Amino acid sequence: MSRRPRIGLVTPSFRLFDEQMPASFRAGLVDRAERFRAVLASEFEVAHWGLVSDSRDAGEANEHLKAGRIEVIVVAPTMAAPPGYSEDATSGLDAPTVIWNTATTKRLPDGLDQAAAHEDTALLGALMFANTMVRSGTAPIVVSASPEDPVQVRRVRETVRAAAAAVALRRANVIRIGDPIPGYTNVLATGDELATLGVTEHSVGIDELADEFAAAGRGAAGEISARIAELGWTGDADRRSRRLAAAIRRLVDSLDADCGTVNCHGPWFRSSPDIGIVGCLGVSLCAASGVPISCTGDLPTALAMKLARDIAGASLYCEIFAFESETGLALLANSGEGDPATGNGTPHMEPTQYYPGRHGRGTALSFPITSGPVTLVSLTPTDRTWRLACATGEIVESRYPGLGAPNGMFRFDGGGTAAIDRWLAAGPVHHHALAPGRIAEPLTVAARVLGAEYMAV
């Protein structure tokens, strides 16, 4: 994520066995808890009170965590410890809880005695607390990983990051500049549907956008030029596109928007007598600054883009243009906007090919999508809740520089038309968020925190 989420770490222990254990046992637990903290602190802001060994410790830890404005709680038992300690330490905190089973034993030694058997009983501690969560009606989010194994540690961080991404989505401010294209019922999201996620929508009126565009004079266009030069993009951006990019950026900043959507195919942009071009340049610059924005008024896909970006570090607005039955590859592309972090090479600016407006073509962004493993992500409301769907695969190549837009050839894991059938049956929005890497496992965590249905293809 572009920011460091605030994580609360609870490390319970138990003094019942101290008299039977070696003198170094208690100090070893302290060191173990510190290793857990260090693993998380490399990516998150961590509030950690220390070992929670009794009810008094639990109460003090609870006060410490409440003062830290925690987004995600991680309970990492250092041994078999009463789950009531963890319950008390996390009481009253409005944050999802991840149980980290810190199983560190590669192989039990020969001639094991009772003391040695109690040296590493973190699994029992995790089981105890998981049971209390189930009793309270909460499905546990669990990850088993040794803090000494880099591959397993990555799973811990991915799990916590996914939970934090879902929390951030539930608190998101989203901006909408332009109503959806008439008839595009699959991109709609009502206020009540957004409220079930905790999302707040801010709709920008036609006149408000026109006023911001009028206010964006030479100075604002110059600032956009400086930003483009800083990013190293090649090609030319026309002045009207730079002014519009400045207006979009000002609106995003004024609302402190986390993501958003525009619809260039209507009175706000292309057919506007004041603006009269598409907003691809402004959308792409917002994406480069960490604020993903979708097109056609597709707010659900904007939310999917934010979620994917916070988990994977980047996300691209795209759709499946066509599927080749001969190769099993699908063309992923858009009309000229996107997050350059998903691209391979230097993005190139050029006039948009396909969607001219009243005052010209406007500037689009083009780049090949980076080859390698990726995940398609969709988030959509249903008649019951929201559905989070994903499809994993890989970008095999980028064939079409002539499109003047981000593009790549995608192969579904499992391949063939059967994969297309499964993806269609999942009912995704026809636009997707494309994330680098195979992130199906972290998305299961995000779905659970969001209270969404989950489907993976």
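Structural notes, computed from the coordinates. (Residues numbered from 1 in each chain as written. Predicted model: local features only at pLDDT ≥ 70, side-chain atom pairs only at ≥ 80, totals over all residues. Heavy atoms only, no water.)

**Regarding the side chain of D57**
In step 1: The topology assignment puts D57 in helix 2 (residues 55–67).
In step 2: The buried charged residue D57 lacks any salt bridge, with R15 as its nearest oppositely charged partner at 5.3 Å.
In step 3: Setting aside anything within four residues of it in sequence, one finds D57 in contact with W49, L51 and V52. (Helix = DSSP H or I, 4+ residues; strand = E, 2+ residues; numbered from the N terminus. Buried < 20%, exposed > 50% of the residue type's maximum accessible area, 1.4 Å probe, protein only. Lys, Arg positive; Asp, Glu negative; His and termini not counted. Salt bridge = Lys/Arg side-chain N within 4 Å of Asp/Glu carboxyl O. Contact = heavy atoms within 4.5 Å.)

**Considering the packing of aromatic side chains**
In step 1: A complete count under the given rule lists four aromatic pairs for this structure.
In step 2: Judged by centre distance (6.4 Å) and plane angle (70°), the ring pair of F14 and Y85 falls under edge-to-face. With F14 in the loop between strand 1 (6–12) and helix 1 (25–41) and Y85 in helix 3 (residues 83–90), this residue pair connects regions lying 71 residues apart in the sequence.
In step 3: Taken together, a centroid distance of 4.8 Å and an interplanar angle of 75° make the contact between F410 and F412 edge-to-face.
In step 4: Here the guanidinium or amino end of R243 rests over the ring plane of F213, the centre of that ring lying 4.1 Å away. (Phe/Tyr/Trp six-rings, centres within 6.5 Å; stacked < 30°, edge-to-face > 60°. Lys NZ or Arg CZ within 6 Å of the ring centre and 35° of its normal.)

**Observations regarding the layout of surface pockets**
In step 1: Quantified by volume, the largest pocket comes out at close to 370 Å³.
In step 2: If you tally residues by element for the lining of the largest pocket, the top one is strand 11 (residues 316–323), at three residues.
In step 3: When its residues are assigned to classes, the lining of the largest pocket shows ten nonpolar, nine polar and two charged. (1 Å grid on protein atoms, 1.4 Å probe; cavity = no way out; pocket = protein on both sides within 12 Å on 5 of 7 lines; lining within 4 Å. Points joined across faces, edges and corners; volume = space filled by probe spheres on them. Nonpolar A, V, L, I, M, F, W, Y, C, P; charged D, E, K, R; others polar.)

**Considering the sheet that holds strand 5 (residues 141–144)**
In step 1: Strand order in the open sheet formed by five strands is 2-1-3-4-5, with parallel pairing between adjacent strands. If you trace the sheet from one side to the other, it starts and ends with strand 2 (45–52) and strand 5, each paired once. Between one strand and the next, the sheet's axes are offset by a mean angle of 20°, whatever the strand orientation.
In step 2: Where helix 1 meets the sheet, its contacts fall on strand 1, strand 2, strand 3 (72–75) and strand 4 (97–101), and the angle it forms with strand 2 comes to roughly 165°. (Pairing = 2+ DSSP bridges. Axes fitted to C-alpha atoms, helices over the stretch in contact; angles between N-to-C directions.)

**Let's talk about helix 11 (residues 280–288)**
In step 1: The buried fraction of helix 11 amounts to eight of the nine residues, a majority that puts the element mostly inside the structure.
In step 2: Those residues of helix 11 not exposed but buried are C280, L281, G282, V283, S284, L285, C286 and A287.
In step 3: Phi for G290, located one or two positions after helix 11, is positive at around 95°.

**Focus on the side chain of S284**
In step 1: Structurally, S284 can be placed in helix 11.
In step 2: What S284 contacts, discounting residues up to four positions off in sequence, is W233, G336, E337, G338, P340 and L365.

**A word on the nonpolar core**
In step 1: L40, W100, L303 and L307 are the most contacted members of the largest nonpolar core, which totals 56 residues.
In step 2: Looking at this core, the element that brings in the most residues is helix 6 (residues 150–170), giving ten residues.
In step 3: Ignoring sequence-local partners within four residues, the contact set of L303 consists of L169, V174, L194, L197, V199, C259, L379 and W386.
In step 4: Formed by 29 residues, the second largest nonpolar core is a distinct cluster that contains A246, V374, L376 and F412. (Core = buried A, V, L, I, M, F, W, Y, C linked by side-chain atoms within 4.5 Å.)

**Structural notes on the packing of helix 6 against helix 14 (residues 440–450)**
In step 1: Contact pair helix 6 / helix 14: the axes reach a minimum separation of 8 Å and the direction vectors enclose 35°. Crossing geometry of helix 6 relative to helix 14 is assigned as right-handed. Side by side, helix 6 and helix 14 meet where R155, E158, T159, A162, A163, A166, V167, L169 and R170 of the first sit next to E441, P442, V445, A446, V449 and L450 of the second.
In step 2: Per-class residue counts for the contact of helix 6 with helix 14 are ten nonpolar, one polar and four charged. (Left-handed = near helix turned anticlockwise from the far one by under 90°.)

**Digging into a negative patch on the surface**
In step 1: On the surface, a cluster of negative charge is made up of D207, E208, D211 and D274.
In step 2: Its location among the elements puts E208 in helix 8 (residues 206–215).
In step 3: Given the relative accessible area of 38%, E208 is considered partly exposed. (Patch = residues over 30% accessible without salt bridge, like charges linked within 9 Å, V, L, I, M, F, W, Y side chains within 5 Å. Areas by Shrake-Rupley, 256 points an atom, 1.4 Å probe, with all protein chains shown as cover. Charge placed at Lys NZ, Arg CZ, Asp CG, Glu CD.)

**Some details on the packing of helix 8 against helix 10 (residues 239–254)**
In step 1: Two elements in contact, helix 8 and helix 10, have axes whose closest approach is 8 Å; the angle formed by their N-to-C orientations is 120°. Comparing their axes, helix 10 and helix 8 come out oblique. Remark: the crossing between helix 8 and helix 10 carries right-handed chirality. Residues E208, L209, E212, F213 and A214 of helix 8 form the contact with helix 10, whose own contacting residues are R240, R243, L244, A247, R250 and L251.
In step 2: Here the contact of helix 8 with helix 10 is built from residues that sort into six nonpolar, no polar and five charged. (Parallel < 35°, antiparallel > 145°, perpendicular 65-115°, else oblique.)

**Looking at the pairing of strand 1**
In step 1: For strand 1, the tally of buried residues reaches six of seven residues, placing the bulk of the element in the interior.
In step 2: The β-α-β motif built from strand 1, the intervening helix 1 and the parallel element strand 2 has right-handed crossover chirality.
In step 3: As defined by bridge partners, strand 1 adjoins strand 3 across four bridges and the pair is classed as parallel. Each bridged residue has a counterpart across the sheet, and for V10 the counterpart in strand 3 is V75. (Right-handed = clockwise from strand over helix to strand, strands pointing away.)

**Focus on the pairing of strand 5**
In step 1: Of the two faces of strand 5, only the one carrying I141 and V143 is buried; V142 and S144 on the other face are not.
In step 2: Relative to strand 5, strand 4 runs parallel, the two being bridged by four bridges. Bridged to W100 within strand 5 is V143.

**Quick word on the pattern of salt bridges**
In step 1: By the definition in use, this model includes 20 salt bridges.
In step 2: In this structure, the salt-bridge partner of R249 is D253, at a minimum N-O distance of 2.8 Å. Placement of both R249 and D253 in helix 10 is noted, with a separation of four residues, approximately one turn of the helix.
In step 3: According to the relative accessible area criterion, D253 is partly exposed, its value standing at 48%.
In step 4: As a salt-bridge pair, E453 and R384 come within 2.6 Å of each other at their nearest N and O atoms.

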